[in-house]
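# Descriptive structure summary
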Amino acid sequence: MKISLVLGGGGARGYAHIGIIEELKKNGFEIKSISGTSMGAVIGGLEACGGLNEYKKWVTSLDFLDIFKFLKSPFKLDGDKIFNKIKTIVGKDFEIEDLPIKFTAVATDLTKSREVWLQKGDLFKAMQASSSIPGVFDPVIIDNRMLVDGGVLNLVPIAPVMSDLNDLIIAVDLYAPERELNFKLSKDAIKTQNILEEIWSKMFKEKEDPVNKSIDLMMDVIYRYRKAEYVPDIQIDVPRNVAEWYEFHKAPILIEIGKFLANEAIEKAIKKGIIKKEKGKLKKGDLV
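Keep in mind that this is a model prediction, so the values were computed, not measured. Residue positions within a chain follow its written sequence, with the count starting from 1. Totals for whole chains, interfaces and linings use every residue, but because this is a predicted model, local features are given only for residues with pLDDT of at least 70 and side-chain atom pairs only at 80 or more, for both listing and counting. Hydrogens are left out, water is left out, and the side-chain values use all remaining heavy atoms of the structure.

## So, the nonpolar core
Put simply, a nonpolar core is a bunch of buried Ala, Val, Leu, Ile, Met, Phe, Trp, Tyr and Cys residues held in one set by side-chain atoms that sit within 4.5 Å of each other. Buried residues are those whose accessible area, probed at 1.4 Å on protein chains only, stays under 20% of the maximum for their type, while exposed residues exceed 50% and partly exposed ones sit between those limits. By size, the foremost hydrophobic cluster in this structure holds 87 residues, and its most contacted members are Y15, F29, Y55, I86, F103, L118 and I275. Take this core: its biggest share by element is 10 residues, from helix α8 (residues 251–272). Residue contacts follow a heavy-atom distance rule, with two residues in contact if any of their heavy atoms lie within 4.5 Å. Contact partners of F29, with chain neighbours within four places excluded, come to M1, I3, L24, L168, I170, I266, I275 and L282. The numbering of helices and of strands both runs from the N terminus, where a helix is a DSSP run of H or I of at least 4 residues and a strand a run of E of at least 2.

Shown next as structure tokens:
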């Protein structure tokens, strides 16, 4: 079954996208196009170029000192260092128009005060522009335009895939209402989080709580205003309480959460008739 995948922004919660992508592919969904904002553009771009598995290995092996290397000053992250490292992990540069999967990174143009769809040119530059949270990363200049995080105007960018001739549109919202998830995390994931939790929380929560709250409020309000514009066939909701946007040390746990939520969404879609299972394979349902 061919799908268009829309990956929302939400900082560290975007690691859930990795688990979601893995489970969708495991269940037979073929990703033909991807649209992403912020962390959704980062994970989506890596999937589109074939580098997601190597990136996953890297982020799940990071310790506190590794993450500390990418801090520019208190609470400011060095986008250039991060994306140079990602380039090293993936192994080469890519042009968006040459990717095997159609890809759109959504950014915000501060020069003209509008949403920008990056669908050609340097893949990593587009990913960096889409994920440049104001006040946390420096803006990215592309074609004399000052670009920042796409989530400033569009947190879950469904519009870029509306014209794709695929069977389903599946969108992931990283700002879904809070809920408790009824599943067990692996011991390895819990151990990795616990080692980093205390020092990471001190560094961010105590010094920059107003910034954290401001970013979350901005993203939440924007999404509530825009989510009625386009409706996906299946929406995977990642509760906002699974992690704060800055808790990048929680990658192993968030990947597991993504897998759980993807399977939960698939089961719900089967019950609603959006997809159906025939001879062990998933197909488009009669309601789509």
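## Considering the side chain of E47
Mapped onto the fold, E47 is located in helix α2 (residues 39–49). Accessibility expressed as a relative area gives 10% for E47, which makes it buried.

## Considerations on the environment of G273
The topology assignment puts G273 in the loop between α8 and β11 (275–278). Residue class for G273 comes out partly exposed when judged on its relative accessible area of 22%. Sequence separation between G273 and K284 is 11 residues, and the spatial gap between their C-alpha atoms is 8.5 Å.

## Looking at unusual backbone geometry
The residue S113 is not glycine, and still its phi comes out positive at about 55 degrees. When its relative accessible area of 63% is taken as the criterion, S113 is described as exposed. The backbone phi angle of N144 is positive, close to 65 degrees, even though this residue is not glycine. Examined against the element boundaries, N144 turns out to sit in the loop between β7 (140–142) and β8 (145–149).

## Details of the pattern of salt bridges
Salt bridge criterion: a side-chain nitrogen from Lys or Arg within 4 Å of a carboxyl oxygen from Asp or Glu. Within the structure shown, the criterion is met by 11 salt bridges. The shortest N-O distance in the salt bridge between K25 and E47 comes to 3.0 Å. A residue pair is termed long-range when its members are at least 10 positions apart, and K25 in helix α1 (residues 16–26) and E47 in helix α2 qualify at 22 residues. Where D164 meets K102, a salt bridge forms, and the shortest distance between an N and an O atom there is 2.6 Å.

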